[in-house]
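Letter by letter, the chains look like this.
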Amino acid sequence: MSPSSSTEAVPGAVPAPDEHHEHHPSYLVDGTTVKSWLLTLDHKRIGVMYLIWVLLFFLIGGTYALVVRLELLTPGPTIIDAMTYNRAFTMHGVVMIFLFMIPAIPGAFGNFMLPLMLGAKDVAFPRLNLLSLYLLLIGAMIAIWGMINGGMDTGWTFYTPYSTHTTTTVAPILFGAFIIGFSSIATGLNFIVTTHTMRAPGITWFKMPLFVWAMYATACIQVLATPVLGLVLLLVVGEQLFHFGIFDPARGGDPVLFQHLFWFYSHPAVYIMVLPSFGVMSEIVAAFSRKNIFGYRAVAFSSLGIAFVGFFAWGHHMFVSGQSTFNAGVFAVLTMLVGVFTAIKVFNWVGTVYKGAVDFKTPFAYFCGFLYFTVFGGMTGVAFATASLDVPWHDTYFVVAHFHFIMVGATIMAFMAAIHYWFPKMFGRMYHEGWGLVSAALIILGFNATFIPQFLLGNAGMPRRYYEYPERFQTLNVASTAGASLLALGFIISAIYLVYALVYGEKAASNPWHSKGYEWLTESPPPTHNFVGPQPIYTEEPHFYVDPEKAEEPYEV
């Protein structure tokens, strides 16, 4: 295999006319000093650094979750006191949402794959891209400093007026989240401009991979909604330090105003977390079903539809805040529209699998888990959109279980699928397929074992966020903690074989999955400038499996 033939043998790309036969090192070895990584402008290296950091944050957030579950093994105090428990579940939420789920797929896989999928050599603003990583790290360091020096006990929603009066260290943690917001905006801006201006010749809007469509919709939300959250978090910090009274009814303020501002961002933020997952799964379902994606335009436009409607559905988080019946009805209908757009995706994914030549590898196993969690969690979301059901469930564990099924379950399934699907592309190594399937099974089973008992607890009336509970709830809490242990075991196995594969794994072929995705049109791992020679010209659509024999051809590049 010659690097200079990177586009020549691949259906869909017209080779560059003046390619020459020279050795082009991969991005991994083109500069091996620490400085060459820390100051790199290469989107692939920045993506890898994002991946390392979000995995570290995932470990921190997951550790907090295990502490909470261990504490809830018994009805009374188990391993920590009540204040530590409040801080633990708050920090679990803050770390997992702001430091893992929001930046994970856009930061790691969006940065790495988006230019490759567009036939570009980099993102539009490489320096801004590197800045976004360091803004994330600066915000994370400030927030972690706040966690170590007092922590926070407000829950990840920071509801006023409690968050403006608590004696825990709210200000540095919120200020850290404020800075992290700039990182998110910078990433979104980069992706929008890159998509508009850096597509290779031949890649029209309706020839873009569906992952790019999902990232584009996500970027629009990041740019438009994140400033609102930044503003409101800054106002809470001001309230804490200077007692302005904006959210304090004793000073003429309105605590419900905070909820409106917070959920105006945080409901679309749900889609910042989930839309990239939809994009990952659209790539994987086509690649492992060996079939053209069913309803390409419907899947693409449904991403934009979810992004648009998401801006008008924040009020369904506030059915118990005293809003009028009319408002509750309007927000309920708007929320159900999100379910319609999500259902369009689900039906099209199932249509893609139908009569496909399914190759059941680890990424596809995670796709199956993702489909299950999206449908199950999505149906409970439709139930929550109904005010008469939301009100009795609102402050119970049912909300916790619903949130983890649809948000965490779907996001983690997609994150794990993305790691396994693009691992050969990113690092040029293969992992052990058997262990991949074993860990996928453990993670999917562990997730069910953790959160199905919580659905039952919530339906039986167990309040969320409580330190102690009646003895009749203990059996289900023990089952939930056992499930969390199984989940942790699955992640530990994944970490072991993936790290092993990085060092000792079999060298990957350029396109080990025989995928038709544009990112596979170059070597694995890619050269520094992604493609050798001038920008290739794309003649075929992505996900092009119309000819089964052609789709099965093991095309090396």
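Residues numbered from 1 in each chain as written. Predicted model: local features only at pLDDT ≥ 70, side-chain atom pairs only at ≥ 80, totals over all residues. Heavy atoms only, no water.

(A) Highlighting the packing of aromatic side chains. Counted by the stated rule, this structure contains 60 aromatic pairs. With a centroid separation of 6.4 Å and 45° between ring planes, the pair formed by Y431 and W513 is classed as tilted. Of this pair, Y431 sits in the loop between α14 (397-427) and α15 (433-459) while W513 is found in the loop between α16 (474-504) and β2 (537-538), placing the two residues 82 residues apart along the sequence. The class for Y431 is buried, based on a relative accessible area of 6%. We classify W513 as buried; its relative accessible area is 3%. Here Y518 and Y538 contribute two aromatic rings whose centre-to-centre distance is 4.7 Å and whose plane-to-plane angle is 45°, an arrangement assigned as tilted. Of this pair, Y518 sits in the loop between α16 and β2 while Y538 sits in strand β2, and the two are 20 residues apart along the sequence. Each member of the pair Y518 and Y538 is classed as buried. Above the face of the W37 ring, R45 is positioned so that its terminal group lies 4.1 Å from the ring centre. (Phe/Tyr/Trp six-rings, centres within 6.5 Å; stacked < 30°, edge-to-face > 60°. Helix = DSSP H or I, 4+ residues; strand = E, 2+ residues; numbered from the N terminus. Buried < 20%, exposed > 50% of the residue type's maximum accessible area, 1.4 Å probe, protein only. Lys NZ or Arg CZ within 6 Å of the ring centre and 35° of its normal.)

(B) Quick peek at unusual backbone geometry. The linkage connecting T160 with the following residue, P161, adopts the cis geometry, with an omega of 5°. With respect to the secondary-structure elements, P161 resides in the loop between α5 (126-148) and α6 (162-165). Backbone torsion omega between S524 and P525 reads -5°, so that peptide bond is classified as cis. With respect to the helices, strands and loops of the structure, P525 is situated in the loop between α16 and β2.

(C) Structural context of the environment of F100. Along the chain, F100 falls in helix α3 (residues 82-101). Each C-alpha atom, one on F100 and one on F58, is 5.8 Å from the other, the two residues being 42 residues apart in sequence. Not counting residues up to four positions away in its chain, the partners in contact with F100 are V54, F58, V95, I412 and F415. (Contact = heavy atoms within 4.5 Å.)

(D) Layout of the side chain of D42. Along the chain, D42 turns up in the loop between α1 (34-38) and α2 (43-71). Under the relative-accessibility criterion, D42 is labelled buried at 9%. Once residues within four sequence positions are removed from consideration, D42 is found in contact with Y27, D122 and T528.

(E) Region of interest: a nonpolar patch on the surface. Residues L241, F242, F244, I246 and L257 make up a contiguous nonpolar surface patch of roughly 490 Å² in combined accessible area. Inspection of the secondary structure assignment puts F244 in the loop between α8 (210-242) and α9 (255-289). (Patch = residues over 30% accessible without salt bridge, like charges linked within 9 Å, V, L, I, M, F, W, Y side chains within 5 Å. Areas by Shrake-Rupley, 256 points an atom, 1.4 Å probe, with all protein chains shown as cover. Salt bridge = Lys/Arg side-chain N within 4 Å of Asp/Glu carboxyl O.)

(F) Examining empty space enclosed by the protein more closely. In the structure shown here, the tally under the stated rule is 5 cavities of 30 Å³ or more. If you go around the largest cavity, the residues you meet are Y50, F98, I102, P103, P106, G107, L136, I180, S183, S184, T187 and Q222. Sorting the residues of the lining of the largest cavity by element identifies α4 (104-118) and α7 (170-197) as the ones contributing at least two each. Tallying contributions element by element places α7 first for the lining of the largest cavity, with 4 residues. Of the residues assigned to the lining of the largest cavity, the class counts are 7 nonpolar, 5 polar and no charged. (1 Å grid on protein atoms, 1.4 Å probe; cavity = no way out; pocket = protein on both sides within 12 Å on 5 of 7 lines; lining within 4 Å. Points joined across faces, edges and corners; volume = space filled by probe spheres on them. Nonpolar A, V, L, I, M, F, W, Y, C, P; charged D, E, K, R; others polar.)

(G) Layout of the packing of helix α11 (residues 325-353) against helix α12 (residues 362-384). Two numbers describe how α11 lies on α12: the axes approach to 11 Å, and their chain directions differ by 150°. With respect to each other, α11 and α12 are oriented roughly antiparallel. When the axes of α11 and α12 are compared, the crossing they make is left-handed. Counting all contacts with α11, which are made through M336, T342, V346, W349, V350 and V353, the residues of α12 involved are F364, F367, F370, L371, T374, V375 and V382. Class assignment for the residues of the contact of α11 with α12 results in 11 nonpolar, 2 polar and no charged. (Axes fitted to C-alpha atoms, helices over the stretch in contact; angles between N-to-C directions. Parallel < 35°, antiparallel > 145°, perpendicular 65-115°, else oblique. Left-handed = near helix turned anticlockwise from the far one by under 90°.)

(H) Quick peek at the confidence of the model for the protein chain. Here the protein chain averages 89 in pLDDT, while 94% of its residues score no lower than 70. Contacts for the low-pLDDT stretch residues 1-11, under 50 throughout, to residues beyond four places or in other chains number 40 contacts. Contacts for the low-pLDDT stretch residues 14-21, under 50 throughout, to residues beyond four places or in other chains number 16 contacts. (pLDDT = per-residue confidence, 0-100.)

(I) α11, seen in detail. Here α11 spans 42 Å end to end across 29 residues, near enough to the 42 Å set by a 1.5 Å rise per residue. Looking only at α11, the buried set comprises A328, F331, A332, T335, V338, T342, K345, V346, N348, W349, G351 and T352. Residues of α11 that are buried in the fold lie against α9, α10 (296-309) and α12. Directly after α11, the chain includes K355, whose backbone phi takes a positive value near 65°. (Expected span 1.5 Å × (residues − 1).)

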